[in-house]
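Topology and contacts: notes
Below, each chain spelled out in residue letters.
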Amino acid sequence: MPAAPVIQVRDLVNRFGNQAVHEHLDLDVRRGEILGVVGGSGTGKSVLLRSIVGLRRPTSGRVHVFGQDLLSLSPEQRSLVERRFGVLFQNGALFSSLDIVENVAMPLIEHAGLSRTEAQQLAGVKLALAGLPASAETKSPAELSGGMVKRAALARALALDPEILFLDEPTAGLDPISASAFDQLILTLRDALGLTVFLVTHDLDTLYTICDRVAVLSQKKVLVAGPLDVVAQNPDPWVQSYFHGPRGRAAEEAHDAGPSPEVT
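Since the model is a prediction, treat every value here as computed from it, not as a measurement.

**Brief notes about the nonpolar core**
Counting 51 residues, the largest nonpolar core has Leu154, Leu165, Ile186, Leu207, Val214 and Phe243 as the members making the most contacts within it. Here this core gathers at least three residues from each of two domains, domain 1 (7–84 + 164–257) and domain 2 (95–161).

Set out below in structure tokens:
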């Protein structure tokens, strides 16, 4: 029996002026799953994420998280629910004026009420959890590689021990080895911490490697959602081109072949 949904989106409408991005969109995200959200350019993947986490108020519709209608809550009540989210934005969105440990410590100081010393100690633990060495703590974001910036941003997203992790194109701009390592880190953290993961991506390797289900945004709604092998059979032209084009076939073949043997 499928796990109960921790996120329910019903009849969601998002418009920018006269342009509709979403019309009557429905989506469930189940507790403990990694859901990959894909779609062509302009289908509103990031807009959907922002609508769920409360950064954008939809034109109409309902967003329930943990059984609560976020749009009907008071600002104080909504803030309590939103503290149970962790968000990794595109490009990391770290503060360039702060070093890495200060970036991760900030939500602990602002929302958990920890002292700076306590917050930085806990931030070091979160950075280690995200796979960063202690030597990275005092560096600025500009001094880190793209992969390390993503890990630092992930550590900040994990700072308040969230139950749901939202990831917006987390492997974009990474080389294949770094992207693969990041995918495995997300899978490990999900299993170890019991996270629910909402993942916006265009990376086919990520979809095949770690996602339990995939939701395709098309025609201003969720066209299809389900296990990848079921979704890939949908006759929609974009779905067919995406999953059965050269890159889709390569990702499927790599997944079917399993991990490469280690070089000794």
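**Things to note about unusual backbone geometry**
A positive phi angle is found at aspartate 11, which is not glycine, with a value near 55°. Following the sequence through the fold, aspartate 11 ends up in strand β1 (residues 5–16). Positive phi, normally seen in glycine, also occurs at glutamate 169, with a value near 50°. Within the secondary structure, glutamate 169 sits in the loop between β7 (164–168) and α6 (176–193).

**Digging into the pattern of salt bridges**
All chains considered together, the criterion is met by nine salt bridges. The partner of aspartate 161 in a salt bridge is lysine 126, with the nearest N and O atoms 2.4 Å apart. Taken as a pair, aspartate 161 in the loop between α5 (146–157) and β7 and lysine 126 in helix α4 (residues 116–129) lie far apart in primary sequence, 35 residues in all. On the basis of relative accessibility, which here comes to 56%, the residue aspartate 161 falls in the exposed class. It is possible to trace a salt-bridge network through shared partners that takes in Arg31, Arg84 and Glu163.

**As for the domain arrangement of the protein chain**
With domains assigned, the protein chain is organised as domain 1 (7–84 + 164–257) and domain 2 (95–161). Its C-alpha centre places domain 1 at a distance of 25 Å from the equivalent point of domain 2. Opposite the 14 residues of domain 1 that make contact, domain 2 presents 12 residues. With both chains or domains summed, domain 1 and domain 2 bury close to 1,000 Å², and 71% of this area falls on carbon and sulfur atoms. It is Arg83, Phe182 and Leu185 in domain 1 that bury the most area against domain 2; as a group they hold 43% of the surface buried on that side.

What counts, and where the lines are drawn
- Once a new chain begins, its residue numbering starts again from 1 and follows that chain's sequence as written.
- Only residues with pLDDT of at least 70 are given local features in this predicted model, and only at 80 or more are side-chain atom pairs given and counted; all residues enter the totals for whole chains, interfaces and linings.
- Side-chain numbers here rest on the full set of heavy atoms in the structure, without hydrogens or water.
- Nine residue types can take part in a nonpolar core, namely buried Ala, Val, Leu, Ile, Met, Phe, Trp, Tyr and Cys, and a core is a set of them joined through side-chain atoms within 4.5 Å.
- Partly exposed residues are those whose accessible area sits between 20% and 50% of the maximum for their type, while under 20% is buried and over 50% is exposed, using a 1.4 Å probe and protein chains only.
- For every domain, the bounds stem from an assignment made automatically or drawn from a database.
- Segments assigned H or I by DSSP are reported as helices when at least four residues long, segments assigned E as strands when at least two residues long, and all are numbered from the N terminus.
- Throughout this description, the term salt bridge denotes a Lys or Arg side-chain nitrogen within 4 Å of a carboxyl oxygen of Asp or Glu.
- Note on contacts: a residue pair is in contact if any heavy atoms of the two residues lie within 4.5 Å.
- Buried area is calculated as the accessible area (1.4 Å probe) missing from two parts once they are joined, with the contributions of both summed.

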